[in-house]
Amino acid sequence: MAATLRIQSDWSRALSRDEGEAWLSCRSPGKATLYGSVTRRGLSSDGVPDIVASEGFVVGEVTKKSILISCPHENVSTKFLAPYTSFCRIHQKSITCLDISSGGGLGVSTSTDGTMKIWQAANGEIRRLLEGHVYDVNCCRFFPSGLVVLSGGMDAQLKIWSAEDASCVVTFKGHKGGILDTAIVDRGRNVLSCSRDGTARLWDCGQSSCLGTIADCGSPVNGIALGAADSSLNLGSPENPPSEREVGTEGKILLLAREDKKLQGVGLQSRQPVFLFIGSDAFNCCTFLSSTYILAGTQDGNIYQLDVRNTTAPIQVIHRSGAPVLSLLPYRDGFIASQGN
């Protein structure tokens, strides 16, 4: 397991003035953590901060928005990026979920302050307050149109909202526990949800009805991801002909990140299991890198990369820290992971 180099979360603000200081730490499994600091001494002629590190750490390339820091003793280096933009007034407490519309103009987010809001992505100006869930809202996402929002809450309700006037146009009921994640099938005539009740369900937006239970796991399903399956993968055949209300379910595989340490793949149209992989701890999240490669993150900090055609053994297991892996997002040729530290 590699060493992990960290800098305090608000380092860009701490170093925004001369003699500003930010704290560093470097941790290797089984070893004592090394602590240090970086200090800004001033600005160069072209406006780039002059940054120095305490003993045991070395500052490499510095720009107005990034710092490369290394710890030679542990042979590790990390580039830290400053926020491009920060919005501090949208929510009063921690943000639990957010999404950006396909056009990039709007954001939607939920928070432990009990609110769900739509805001301008350019400046953070709040446009709409979406009110209607009872208790916490766990997840939110835009439909591909960017005009409609899907949300799920601890009240076991799945809701569809107008981003234009904040009205709730559809409410789905059927889950027996809080909804933890959602997915949208193609353009959004059908949507998916997973819940603490252990099920993943498929819904018809047009008739506000449940088209069926895709999986009943007997354990909370913390996250789901929908993707097109590789053509060589056997997704199984449905026991009954699919409803004419199902649109775009053929050839799709649904990933289920389960609380019981299992990552499961299910044929969306067939409802048949495709694979079952057992990890080191509860799975919190999952995503597709391609039609063959997937990622899943666990409560004990592991990120598993798997090939859906053969899940006997992972391609690799990434472990940067023991903090829970909370979300995963494909990005260019790699991915972005958020952890609970």
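Just so you know, these numbers come straight off a predicted model, no measurement behind them.

**A closer look at the overall build of the protein chain**
Alright, step 1. Counting its secondary structure elements, the protein chain contains 1 helix and 29 strands.
Alright, step 2. Taking 2.2 N^0.38 as the reference for a compact globule, 341 residues should give roughly 20 Å; the C-alpha atoms of the protein chain span a radius of gyration of 22 Å, in line with that estimate.
Alright, step 3. Overall, the protein chain is about 70 × 50 × 30 Å in size when its C-alpha atoms are taken along their principal axes.
Alright, step 4. Expressed as a percentage of the 341 residues in the protein chain, the buried residues total 48%.
Alright, step 5. Long-range pairs, those at least 24 residues apart, make up 39% of the contacts in the protein chain with a sequence separation of at least 6.
Alright, step 6. Carbon and sulfur atoms make up 47% of the accessible area of the protein chain, which amounts to about 17000 Å² in all.
Alright, step 7. Considering the protein chain, the positive charge centre built from 32 side chains and the negative charge centre built from 33 side chains are found 2 Å apart.

**Re the packing of aromatic side chains**
Alright, step 1. Counting across every chain of the model gives 5 aromatic pairs.
Alright, step 2. For the pair Phe87 and Trp119, a centre-to-centre distance of 5.9 Å together with 65° between the ring planes defines the contact as edge-to-face. Of this pair, Phe87 sits in the loop between strand E7 (76-81) and strand E8 (95-100) while Trp119 sits in strand E10 (residues 116-120), and the two are 32 residues apart along the sequence.
Alright, step 3. Owing to a relative accessible area of 7%, Trp119 belongs among the buried residues under this scheme.
Alright, step 4. Centroid distance Phe172 to Trp203: 5.2 Å. Interplanar angle 45°. Geometry classified as tilted. You can see Phe172 sitting in strand E15 (residues 168-173) and its partner Trp203 sitting in strand E18 (residues 199-204), a full 31 residues away along the chain. As far as the burial class goes, Phe172 and Trp203 line up, both buried.
Alright, step 5. Cluster of aromatic residues (ring-pair linked, three or more members): Phe277, Phe283 and Tyr304.

**A closer look at the UniProt feature "repeat: WD" (unreviewed entry) in the protein chain**
Alright, step 1. UniProt marks residues 88-129, 130-171 and 172-204 with the feature "repeat: WD" (unreviewed entry), using the numbering shown here.
Alright, step 2. The span residues 88-129 shows a helical share of 0% and a strand share of 50%, and its end C-alpha atoms are spaced 16 Å apart.
Alright, step 3. Along residues 130-171 one finds 0% helix and 52% strand; the C-alpha atoms at either end are 13 Å apart.

**Things to note about the sheet that holds strand E6 (residues 66-71)**
Alright, step 1. Across the sheet, which stays open at both edges, the 3 strands sit in the order E5-E6-E7 with antiparallel pairing between neighbours. Of all strands in the sheet, those with a lone pairing partner are strand E5 (58-62) and E7, marking the two edges. Here the strands of the sheet are splayed against their neighbours by 20° on average, with no regard to which way each runs.
Alright, step 2. Relative to E7, E6 runs antiparallel, the two sharing 6 bridges.

**Things to note about the nonpolar core**
Alright, step 1. Judged by nonpolar contacts, the single largest core of 25 residues is most densely connected at Val108, Leu130, Phe172 and Val191.
Alright, step 2. Secondary-structure elements contributing two or more residues to this core are strand E9 (106-111), E10, strand E12 (137-142), strand E13 (148-153), strand E14 (157-162), E15 and strand E16 (179-185).
Alright, step 3. When residues in this core are grouped by element, the largest group, 4 residues, is from E12.
Alright, step 4. Of all hydrophobic cores here, the second largest spans 20 residues; its members include Trp11, Leu15, Ala22 and Ile51.

**Some points on the pattern of salt bridges**
Alright, step 1. What the rule picks out here adds up to 10 salt bridges.
Alright, step 2. Two residues, Arg40 and Asp18, come together in a salt bridge whose shortest N-O distance is 3.2 Å. Taken as a pair, Arg40 in strand E3 (residues 34-43) and Asp18 in the loop between helix H1 (11-14) and strand E2 (21-27) lie far apart in primary sequence, 22 residues in all.
Alright, step 3. In this structure Asp18 comes out as partly exposed when scored by relative accessible area, which is 44%.
Alright, step 4. Note that Asp307 is salt-bridged to Arg309, the shortest N-O span being 2.7 Å.
Alright, step 5. Relative accessible area serves as the criterion here: at 13%, Asp307 is assigned to the buried category.
Alright, step 6. Since its relative accessible area comes to 44%, Arg309 is described here as partly exposed.

**Examining the side chain of Gln157**
Alright, step 1. Residue position: Gln157 is located in strand E14.
Alright, step 2. Residue classification places Gln157 among the buried positions, given a relative accessible area of 13%.
Alright, step 3. One polar contact links Gln157 to Asp155, side chain to side chain, over a distance of 3.0 Å.
Alright, step 4. Among all residues touching Gln157, those that are not within four sequence positions of it are His133, Ser151, Gly152, Thr171, Phe172, Lys173 and Ile179.

What counts, and at which threshold
- Going along each chain's sequence as written, the residues are numbered from 1 onward.
- Only residues with pLDDT of at least 70 are given local features in this predicted model, and only at 80 or more are side-chain atom pairs given and counted; all residues enter the totals for whole chains, interfaces and linings.
- Side-chain measures were taken over the full set of non-hydrogen atoms in the model, leaving aside hydrogen atoms and water.
- In this description a helix means any DSSP run of H or I spanning at least four residues, a strand means any run of E spanning at least two, and both kinds are numbered starting from the N terminus.
- Atoms counted for the radius of gyration: C-alpha only. Globule rule: 2.2 Å times the number of residues to the power 0.38.
- Think of it in three bands: residues with accessible area under 20% of the maximum for their type are buried, residues over 50% are exposed, and the middle band is partly exposed, with areas taken using a 1.4 Å probe on protein chains only.
- Any two residues whose heavy atoms approach within 4.5 Å at even a single point are treated as in contact.
- Shrake-Rupley sampling with a 1.4 Å probe provides the accessible areas, and residues are treated as covered by the protein chains on show and by no other component.
- Counting rule for charge: Lys and Arg are taken as positive, Asp and Glu as negative, and neither His nor the chain ends is counted.
- By convention, charge coordinates are those of NZ in Lys, CZ in Arg, CG in Asp, or CD in Glu.
- Each Phe, Tyr or Trp ring, with Trp reduced to its six-membered ring, pairs with another whose centre is within 6.5 Å; inter-plane angles below 30 degrees give stacked pairs, above 60 give edge-to-face pairs, and intermediate values give tilted ones.
- UniProt positions are given in the numbering used here, feature names are shortened, and annotations may be inferred rather than shown by experiment.
- Should DSSP find at least two bridges between two strands, the strands are taken to pair.
- With axes taken as lines fitted to C-alpha atoms, and helix axes fitted only over the stretch in contact, angles between N-to-C directions fall between 0 and 180 degrees.
- Side-chain atoms within 4.5 Å link the members of a nonpolar core, which is a set of buried Ala, Val, Leu, Ile, Met, Phe, Trp, Tyr and Cys residues.
- Here, a salt bridge means any Lys or Arg side-chain nitrogen found within 4 Å of an Asp or Glu carboxyl oxygen.
- Under the rule applied, a polar contact is a pair of N or O atoms within 3.5 Å (in protein, one hydrogen donor and one hydrogen acceptor; residues adjacent in sequence only if both atoms are side-chain atoms).

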